[in-house]
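Examination of the molecular architecture
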Amino acid sequence: MRALPVGDDALLVEVASGEEARALHTELLRRRGEGSLSVREIVPAARTVLLDGLADPARLASELTTAVVPPAPPRAREVVELPVRYDGPDLADVAAHWGVTPREVARIHADTEFSVAFCGFAPGFGYLTGLPPRYDVPRRATPRTAVPAGAVALAGPYTGVYPRSSPGGWQLIGTTDSVLWDHTRVPAALLSPGTRVRFVPVGNS
Amino acid sequence: MTDRALGVVRAGALTTVQDLGRPGHAHLGVPRSGALDGPAAALVNRLVGNAPEAAVLETTLNGCALRPRSAVTVAVGGAPCRVTVDGRPVAWGAPLRVPAGALLDVGAAVSGVRSYVAVSGGIAVEPVLGSRSTDLLSGLGPPPLTDGTVLPLGRATRLHARVDVAPQPAPPAELVLRVTPGPRDDWFTPAAVRAFTSRAYRVSPASNRIGLRTEGPALERAVTRELPSEGVVLGAVQVPPDGRPVVFLADHPTTGGYPVVAVVRAADLPAAAQAVPGTPVRFVAVRRR
């Protein structure tokens, strides 16, 4: 674990794997919950956790380099089920990358349990991990200027669902009617770091 | 609608509602947002007797024109500009009374980019996650003003302004941004890191509330592999594939996949918000506090 200073009041803590990032994130949330860590933002990502708004980042950095982070507890949280139609325009391209039929893409994807590694890009957009590395796919060479809300998409090791229409370069494999983000709802985000997710095929797909 | 309202006669190039923003939600992908020139927004709020968290208007380059439906106290600050009420010149940077139905015109910025308009009671649009700020990256908060928009106003407090006029910093002729290195300075060649803090840059016209883009020497990467997305802070200097540093401002994305070479001191960001395209920029390395 390496704690890199970021500006005057933030730390970027680097770990070796997504699983370690999850464990560190869990531990930092626990410390904040019990009042021993005062911080404005805790932002987990692929291999890092950012702590922003720290009173004494240097002290925390030296403490963290020797800290023993307990492994993250088993995922106890409820599974969020997202109904999906595997009807995306890039389904055939993804099938070609994987070396399977489009129907197989849908089966493999729907048989996978995902979890939200981190959020970003847009409010309510979760980077979901769970597919084995052999199913990594590249981004599209040319991003689309408008990806519709509810598009279920793949890029690199991640699956994501576009919370609202936006430009995007991910491979679109399906569509969900679930509302990923609604600021009038509590919580506004359906998915947050750590949430377990399953895609449930509906319709003729 | 009640007469506690403000009609928008001329929205200007880009006028948004801004307050202190919505920090604390970065882990959900929600930018902090809020007034780019925070001290200017705070000052105009004080001038009209508003609380610091009251929402104000932030204009961009060419001001806006407003018609309150009831008499209000208004103050205009930030980028200096000509201010008129029904065509008569009135004071910039001081509280002024605008009668019901009168036309307040906030003119084009004489220098700087963003003027701030505080109205007694504050702009009272519905808050989203505790803030009324327009977030141009993710579309949270009220949309930018358009001609004909009617904005609700809050109830004016009985607080009297504690200042009549207040000095405000002039927009910068040269933007000097103090930076602390990292967290990814080691992803660049030593020559690039030297160039970053010794060569001249200019503010690019492509700058916006998301980032201050610069033109100048491209920074060459020493590490060319892809950086896994990681959290980024306000003031982070991110270097996209074209090598030109971008200083992240209030509407910046909460995670990013390009390396951050350095972070600008928060105290220097209000000046960045007022630097017009073409302004010379110098990044000066300072020790971490």
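Everything numeric in this text was worked out from a predicted model, so none of it was measured.

1. A word on the domain arrangement of chain A
All names here are of chain A. For chain A, the domain assignment lists domain 1 (2-66) and domain 2 (80-201). The C-alpha centroid of domain 2 is placed 28 Å from the C-alpha centroid of domain 1. Each partner contributes to the interface: domain 1 provides four residues, whereas domain 2 provides four residues. Contact with domain 2 buries area across many residues of domain 1, yet Pro44, Ala45 and Ala46 alone supply 72% of it, more than any other trio. Taken together, the links from domain 1 to domain 2 amount to zero salt bridges. The tally of links between domain 1 and domain 2 comes to zero residue pairs in polar contact (both at pLDDT 80 or more). Residue composition of the side of domain 1 that touches domain 2, by class: three nonpolar, one polar and no charged.

2. Here we look at the environment of Ser207 of chain B
All names here are of chain B. Positionally, Ser207 belongs in the loop between β13 (201-203) and β14 (211-215). The exposure class of Ser207 is partly exposed, given its relative accessible area of 24%. Through-space distance from the C-alpha of Ser207 to that of Ala273 is 9.4 Å; in sequence the pair is 66 residues apart. In this structure the side chain of Ser207 is engaged in a polar contact, spanning 2.9 Å, whose partner is the backbone nitrogen of Arg213.

3. Quick look at the pattern of salt bridges
All names here are of chain A. A full pass over the atoms with the stated rule returns 25 salt bridges over all chains. The salt bridge partner of Glu19 is Arg22, with a shortest N-O separation of 3.2 Å. Taken as a pair, Glu19 and Arg22 lie in helix α1 (residues 18-34) at a separation of three residues, close to a single helical turn. Note that Arg85 and Asp87 form a salt bridge whose closest N and O atoms lie 3.7 Å from each other. According to the relative accessible area criterion, Arg85 is partly exposed, its value standing at 29%. Taken together, the shared-partner salt bridges connect Glu27, Arg30, Arg31, Glu34 and Glu63 into one network.

What counts as what
Residues numbered from 1 in each chain as written. Chains lettered and ligands numbered in written order. Predicted model: local features only at pLDDT ≥ 70, side-chain atom pairs only at ≥ 80, totals over all residues. Heavy atoms only, no water. Domains from an automatic or database assignment. Contact = heavy atoms within 4.5 Å. Buried area = accessible area lost by both parts, 1.4 Å probe. Salt bridge = Lys/Arg side-chain N within 4 Å of Asp/Glu carboxyl O. Polar contact = N/O pair within 3.5 Å; in protein donor to acceptor, adjacent residues only side chain to side chain. Nonpolar A, V, L, I, M, F, W, Y, C, P; charged D, E, K, R; others polar. Helix = DSSP H or I, 4+ residues; strand = E, 2+ residues; numbered from the N terminus. Buried < 20%, exposed > 50% of the residue type's maximum accessible area, 1.4 Å probe, protein only.

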